[in-house]
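Per-entry structural report
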Amino acid sequence: MAQLSADNHGLRLAVRYTVLGLIALIFVFPLVFMLMSSLKPDAQLLSDTRSLRAFLPVGDISLDNYFDAFRRAPVGLFIFNSVIVTGVTVALTLFICSAAAFAFVFIDWRGRDLVLTLILATLIVPFETIAIPLLLIASKLPWLGLDGLTYGWLNSYQVQIVPFIADGLTIFLFVQYFKDLPGELIEAARVEGASWWQVYRRVVMPLAGPVLATAAILKFLVMYNQYLWPLMVVQEERYRPVMVGLQYFFQLNRAWGEIMAYLSLITVPVLAFYLFLQRAFIASIASTGVKG
Amino acid sequence: MASVSLKNVRKNYGAADIIKGVDIEIADGEFCVFVGPSGCGKSTLLRMIAGLEDISGGTLSIGDRVVNDLPPKDRSIAMVFQSYAIFPHMTVRENLAFGLTIANAPKAEKDAKVAEAARILQMEHLLERRPSQLSGGQRQRVAIGRAIVRKPGVFLFDEPLSNLDAALRVDMRMELAKLHSDLGATMVYVTHDQVEAMTLADKIVVLSAGTVQQVGSPLELYHRPANLFVAGFIGSPKMNFVEVTIDAVDASAIRISGPAMKAQTLPLTGAGQKAGDILTLGVRPHDFKPMDDGAFTGKVTLVEHLGNETIVNLALVNGQHLIVALDGDTACTVGETLTVGHPPEKAALFDQAGNRITG
């Protein structure tokens, strides 16, 4: 009987791994195709698409497409711009939205529920609706930078960052998470003499690992994939992010190998960020899986 | 150390009165227990002392300062919560030192105070552990340790033992009593467990529906409950209540009888009673003794042999039940008829408003 159940268990495990493996393959196929194609000259790339060779590093393999991509367009600059815009936006979003959620959940103030409702209501407003008004506002806003006081934010980093440093979805994620934290932890910290800022920094945020990771990943993807807004506000190559850069690159040339190389390059930061956060995510679960 | 004084303290949420004008004086170094059934307002009252709930009216003083509008950190209090509320992302050492870290205390001072608290609570070996690696009792110790480290004027405990198992609760109860005598600190303790209240308190405050029913020492509440509520709440098993009628009354004695009780005479100190009035007689289970000329006769319906005592459920002729606690060696079987009585001075009489009228 025990033997039978052990066999059953093994069989179930085998089926499970096979199904999961197949699903993983489906997700990995396009990525493998992209990577392999980026190593091949156009003629071979196109002929390989008729067979499984498209997924294998066979034939005339080289990094030429990468070198050509860098020669034709400032790929590095595009990636740098995207990393700066995305990184700063994610960091500011995490701080501002968590602090806002903290005030909504833990501090009692008049009008709290109304303000939270209004913020959550913004979730149903599509960005396209506010894009034009936002563009008009951004084109006239003052900015105190290295060049002194200037007006109009077009063609800058801040125009790609500031409109996105707070959003209803991220605040909602933090609010939901904070509501589940034991209220007595916050009260204990208050009794021990902690100010609201200290409660936020020393008690709430160290326990917020999982929601920080979730919010960071979601925001990163949104920001890194930004297309419409930067297309509207950034004309200069100097501040152009990767997705607008892709369109630009595509117009420059139809060399598929180089496009695949470009795509492979802009995928690297996403994977790196994901892997980094995955570790942080697991670590945070390990340290917070505790009930007081 | 500090005294705590509540004068006509009130709390309401909109139209709902939760605390209806409470007056309590807690002396410096006293162990005061708030006890009462769920929803009586005892935890709210404690949280008002802590500064975690606003005070709607009245005056709350700690030491010689009115603290109504002070934030918790400025009240010289430390609080131990029912759920321990120790920080899961910090080690025991960091938890103990939290208040000092917040106050930017020098490292040497922090280390010394943490070591002292750890020594008092015998948890030096746990300092580098995280809460997830501790048992319930150890976590509660950490919570108490965190309170000790700051040397507050007043310790506040909100049902600190109710998450522990029965055996551990007894141990921790004794530790708390020892801690109180060692530190000599003012402690305010909330519980719904009257055994905890009786064993720990210098002074018990019995609360019901947001009002103070009686304040007194444990034995005072036990022997001289001010009203039916206190009489029924303090003591285990509960006091027996029997409705009786006054047959005759004079300056020092009152003669009463009831449908299932022989007439008896009790000493009387109060005034204003007259023949024919209905009263409630209260007798504690432990004050009954089997006696042939006792006032109550009934049929035994349940016997619990606990070793040191025997709890007997006695059904009177009118269907009412009495709980009687007899000697552990008393031979008693279900179905037999038993007559019990009590010393006259051990009985309490309550008027129709529920207030005690006898000495």
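See above for the structure.
The rules we used
Residues numbered from 1 in each chain as written. Chains lettered and ligands numbered in written order. Predicted model: local features only at pLDDT ≥ 70, side-chain atom pairs only at ≥ 80, totals over all residues. Heavy atoms only, no water. Helix = DSSP H or I, 4+ residues; strand = E, 2+ residues; numbered from the N terminus. Rg over C-alpha atoms; globule rule 2.2 N^0.38 Å. Buried < 20%, exposed > 50% of the residue type's maximum accessible area, 1.4 Å probe, protein only. Contact = heavy atoms within 4.5 Å. Lys, Arg positive; Asp, Glu negative; His and termini not counted. Charge placed at Lys NZ, Arg CZ, Asp CG, Glu CD. Core = buried A, V, L, I, M, F, W, Y, C linked by side-chain atoms within 4.5 Å.

1. Quick look at the overall build of chain A
Helix and strand counts for chain A come out as 14 helices and 2 strands. Taking 292 residues into account, the globule formula puts the C-alpha radius of gyration at 19 Å, and chain A, at 24 Å, lies well above it. In terms of its C-alpha atoms, chain A occupies a principal-axis envelope of roughly 80 × 70 × 30 Å. Relative to its full complement of 292 residues, chain A shows a buried share of 39%. When contacts within chain A are restricted to residue pairs at least 6 apart in sequence, those whose partners lie at least 24 apart make up 70%. In chain A, the 20 positive side-chain charges and the 18 negative ones have mean positions that sit 2 Å from each other.

2. With respect to the nonpolar core
Counting 84 residues, the largest nonpolar core has Phe178 and Val204 of chain A together with Phe34, Leu45, Ile49 and Leu156 of chain B as the members making the most contacts within it. Considering every element that reaches this core, the biggest residue donor is helix H4 (residues 75-106) of chain A, with 11 residues. Core analysis: the next-biggest nonpolar cluster, separate from the first, contains 45 residues, Ala117, Ala185, Leu200 and Val230 of chain B among them.

3. Some thoughts on the environment of leucine 127 of chain B
Residue and element names in this part refer to chain B. Here leucine 127 shows up in the loop between helix H4 (107-120) and helix H5 (136-149). Leucine 127 gets classed as buried once you look at its relative accessible area, which sits at 9%. For the pair formed by leucine 127 and lysine 113, sequence separation is 14 residues and the distance between their alpha carbons is 13 Å. Excluding its chain neighbours within four sequence positions, the residues that come into contact with leucine 127 are Thr91, Val92, Arg93, Leu96, Val114 and Ala118.

4. Focus on the side chain of serine 82 of chain A
Structurally, serine 82 of chain A can be placed in helix H4. Overall, the relative accessible area of 2% leaves serine 82 of chain A in the buried class.

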